[in-house]
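Overview (structure and organization)
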Amino acid sequence: MAVFGAGYVGLVTGACFADLGHDVVVRDVVPDRIDQLRAGKVPIHEPGLEELLHRNADRLTYTLDVGEAVRDAEFLYVAVGTPPTYSGDADLSAIWTVVDELGGLEGRAVMVMKSTVPVGTGAKVRHRLDERGLGHIGYVSNPEFTAEGTAVRDFQHPDRIVIGAFEDADGDAVEQLHRGIDGPFVRSDVPSAEMIKLAANAALMTRISFINEIANVCEATGADVVQVAEGVGLDRRIGPSFLRAGIGYGGSCFPKDSLALKQLAANSGYHFQLLNAVIEVNELQKRRVIGKLQQHLGSLRGKTVALLGVAFKPNTDDTREAPSLVLAGRLAAEGARVRAWDPIATIDSLAGVEQVETVAAALAGADAVVLVTEWPELAEIDWTAARESAGVAEPVFVDGRNMLDPASMRDSGWIYESIGRPSA
Ligand SMILES: NC(=O)c1ccc[n+]([C@@H]2O[C@H](COP(=O)([O-])OP(=O)(O)OC[C@H]3O[C@@H](n4cnc5c(N)ncnc54)[C@H](O)[C@@H]3O)[C@@H](O)[C@H]2O)c1
């Protein structure tokens, strides 16, 4: 099989299929990426991926050359990026490039779409393949549900594998390819498979914004959102996942996919009110941190604020649409000095933000600390010692992920605030 795109999805897909015994050629357009992979280096951080790539090295090839990728391929997996355009619609240009670069394919191969695309994309790709004399290439939508940080495990133990095909035989072939993975298969038509992905993401985002709004009402009324979420989530009709209040979602998928679904609806004449509210709640949630800091510090001009965590979530180096970027930008706009720490991710796109190597360096002399990403090592820190060595009498600590225990943080001498839990 050929895999187009050596990013988070393409590499996990390639490695997991190689592990199932298939021969995989991964193609990318970035020479440095391919050079690194050929040299045995993995260009992204994803737990378990490096080991899987090394273990299956004899079944994996990396290339810049389309011809080499497709030569003997029976399956053409597409895992290229689909970022938002200025209009908020998904930018499908990388997908059209893949389609246009295919040529000279004589045997029957099936193109399998892993990239997240608007409903209707499969039909357009089908049309373009036919126009280009590639009517013998099948097309299947097989959306990706893995989460960064747990992608290898998610791929190998999926909740479901969605296969939307124009022709049953192509869907059967893709199902067969997954032999060795126990997942329920959901077979559907192509537009429905495309919509399953967008709707699943929208449902998860809705839960996050829902619990964040409950948290905000908890703050105003004296309830504790952690206790509330536990009591709500034990209801079997609701369930406990995605009910953790915090400073909002980020990442390479949720923000862009919500925007794409919103625009898809709008372009089709429908105003998706609920999704609009979900997006707006998430934007406001990130900014509420600034209010919490101002409540204790007054003006932030000249104050030093440490951001703990840059990645949009733990166990990844991905900073796309990370809440840390919005916070850093807002803090800089308020005149604060921003110091950021992360064990693996780097914040390289923002002027005025100093990135430091250790938590201690981030805290030194800081007037306030914001826990942005719940990296497990932050739970291991002796926060009393950390406060003392920080050298500020009463530094403010905003725990944006409700990761730490309020009572022990306050006992450690911090002015501790969190999300939806009573203030000191
Ligand atoms: N990241 C995730 O966890 C995740 C989860 C589910 C779905 N998705 C979707 O999967 C798709 C890929 O996401 P990603 O995070 O892996 O993106 P990414 O940016 O990490 O990787 C995309 C790769 O495609 C390469 N590329 C661009 N044009 C190419 C071409 N013509 N031929 C070959 N390679 C090409 C890029 O150089 C890049 O390395 C997106 O549509 C995304 O929404 C991502």
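Structure: above.
Below is a summary of the structure that appears in this document. (Residues numbered from 1 in each chain as written. Predicted model: local features only at pLDDT ≥ 70, side-chain atom pairs only at ≥ 80, totals over all residues. Heavy atoms only, no water.)

Observations regarding the pairing of strand β12 (residues 368-371)
Moving residue by residue along a regular strand, the side chains alternate between the two faces of the sheet. Quick note on the threshold: A simple rule labels every residue: compare its accessible area, found with a 1.4 Å probe on the protein chains alone, to the largest value its type can have, and call it buried under 20%, exposed over 50%, or partly exposed in between. In DSSP terms, a helix is any run of H or I states spanning at least four residues, a strand is any run of E spanning at least two, and both are numbered starting from the N terminus. Strands are treated as partners if at least two bridges between them are detected by DSSP.
Where burial is concerned, the two faces of β12 agree: the one with A368 and V370 and the one with V369 and L371 are both buried. Relative to β12, strand β9 (residues 304-308) is paired through four bridges, and the arrangement is parallel. Each bridged residue has a counterpart across the sheet, and for L307 the counterpart in β12 is V370. Two elements, β12 and strand β13 (residues 396-399), share four bridges in a ladder whose sense is parallel. Each residue of the ladder has a partner; that of V369, found in β13, is F397.

With respect to the state of the cysteines
Going by this rule: Our working definition of a disulfide is a cysteine sulfur pair at a distance within 2.5 Å.
Applying the stated criterion to the full structure yields zero disulfides. This cysteine, C16, is not joined by any disulfide, and C253 carries the nearest cysteine sulfur, 16 Å off. We classify C16 as buried; its relative accessible area is 2%. Given a relative accessible area of 33%, C253 falls into the partly exposed group.

Section: the site of the ligand
Here is the rule we go by: Distances are taken per atom, and a residue is near a molecule or strand as soon as one of its heavy atoms is within 4 Å of it. Under the rule applied, a polar contact is a pair of N or O atoms within 3.5 Å (in protein, one hydrogen donor and one hydrogen acceptor; residues adjacent in sequence only if both atoms are side-chain atoms). The nonpolar class holds Ala, Val, Leu, Ile, Met, Phe, Trp, Tyr, Cys and Pro. Asp, Glu, Lys and Arg form the charged class, and all remaining residues, Gly among them, are polar.
Close to the ligand lie 29 residues, the nearest being V9, D28, T82, E148 and K256. V9 has a polar backbone atom sitting 2.8 Å from an oxygen atom of the ligand. Put simply, the parts of the chain that give the shell around the ligand at least two residues each are α1 (8-19) and α5 (93-101). Residues of the shell around the ligand, tallied by class, amount to eleven nonpolar, nine polar and nine charged.

A few points about the sheet that holds strand β7 (residues 161-165)
Stated formally: Here the axes come from fitting lines to C-alpha atoms, over the contacting stretch only for helices, and the angles between their N-to-C directions go from 0 to 180 degrees. In what follows, residue pairs with any heavy atoms lying within 4.5 Å of each other are defined as contacts.
Overall, mixed pairing links the eight strands, which are arranged β3-β2-β1-β4-β5-β6-β7-β8 in an open sheet. Each edge of the open sheet carries a strand with a single partner, namely β3 (60-63) and β8 (185-188). Across this sheet, the average inter-strand angle for adjacent strands is 25 degrees, counted without regard to direction. Relative to strand β2 (residues 24-27), strand β1 (residues 2-4) runs parallel, the two sharing three bridges. Bridged to V3 within β2 is V26. Its contacts with the sheet put helix α6 (residues 121-131) on β5 (110-113) and β6 (138-141), and the angle it makes with β6 is roughly 165 degrees.

Some points on the sheet that holds β13
Consider a sheet: its strands pair through backbone hydrogen bonds, and that pairing is either parallel or antiparallel. The strand order across the open sheet built from six strands is β11-β10-β9-β12-β13-β14, with neighbouring strands paired in parallel fashion. Among the strands making up the open sheet, the edge pair consists of β11 (353-356) and β14 (415-417). Direction aside, neighbouring strands of the sheet carry axes that sit 20 degrees apart on average. As judged from the three bridges shared by β13 and β14, these two strands associate in the parallel manner.

Observations concerning the packing of aromatic side chains
Heads up, the condition is: Any pair of Phe, Tyr and Trp rings, taking the six-membered ring for Trp, is counted once the centres come within 6.5 Å. Such a pair is stacked with planes under 30 degrees apart, edge-to-face with planes over 60 apart, and tilted for the rest. Each ring is checked for a lysine NZ or an arginine CZ that lies within 6 Å of its centre and within 35 degrees of its normal; such an atom marks a charge sitting over the ring.
All told, the structure shown has ten aromatic pairs when counted by the stated rule. Between Y139 and F166, the ring centres sit 5.9 Å apart and the planes meet at 40 degrees, which makes this aromatic pair tilted. Pair noted here: Y139 is in strand β6 and F166 is in the loop between β7 and α8 (168-177), with a separation of 27 residues, a long-range link. Note on Y139: relative accessible area 1%, which makes it buried. Taking the centre distance of 5.1 Å and the plane angle of 80 degrees together, the rings of W383 and F397 count as edge-to-face. Here F397 lies in strand β13 and W383 lies in helix α15 (residues 383-390), a separation of 14 residues in the sequence. F397 gets classed as buried once you look at its relative accessible area, which sits at 0%. Just above the ring of F145 sits the side chain of R160; from NZ or CZ to the centre is 3.7 Å.

Describing α5
Using the following cut-off: In this description, the arc belongs to the directions extending from the helix axis to the C-beta atoms.
Along α5, the residues that are buried comprise I95, W96, V98 and V99. Projected down its long axis, α5 shows its buried positions confined to an angular sector of 155 degrees, all on one face.

Observations concerning helix α10 (residues 225-233)
V225, A229 and G233 are the residues of α10 that are buried. All buried residues of α10 project into a common sector of 60 degrees when viewed along the axis, lining one side. For α10, the exposed residues lying more than 90 degrees away from the buried face are Q227, E230 and G231. Buried residues along α10 sit in contact with α9 (190-221).

A short note on the packing of α9 against α10
In plain terms, the rule: With respect to orientation, any angle under 35 degrees is reported as roughly parallel, any angle over 145 as roughly antiparallel, any angle of 65 to 115 as roughly perpendicular, and every other angle as oblique. Note on convention: near helix rotated counterclockwise from far helix by under a right angle means a left-handed crossing. Clockwise means right-handed.
One can describe the packing of α9 onto α10 by two numbers: an axis separation of 9 Å at closest approach and a directional angle of 135 degrees. Between α9 and α10, the angle is such that the two are oblique. Here the hand of the crossing between α9 and α10 comes out right-handed. Residue-level contacts link I211, I214, A215 and C218 of α9 to V225, V228 and A229 of α10. Class assignment for the residues of the contact of α9 with α10 results in seven nonpolar, no polar and no charged.

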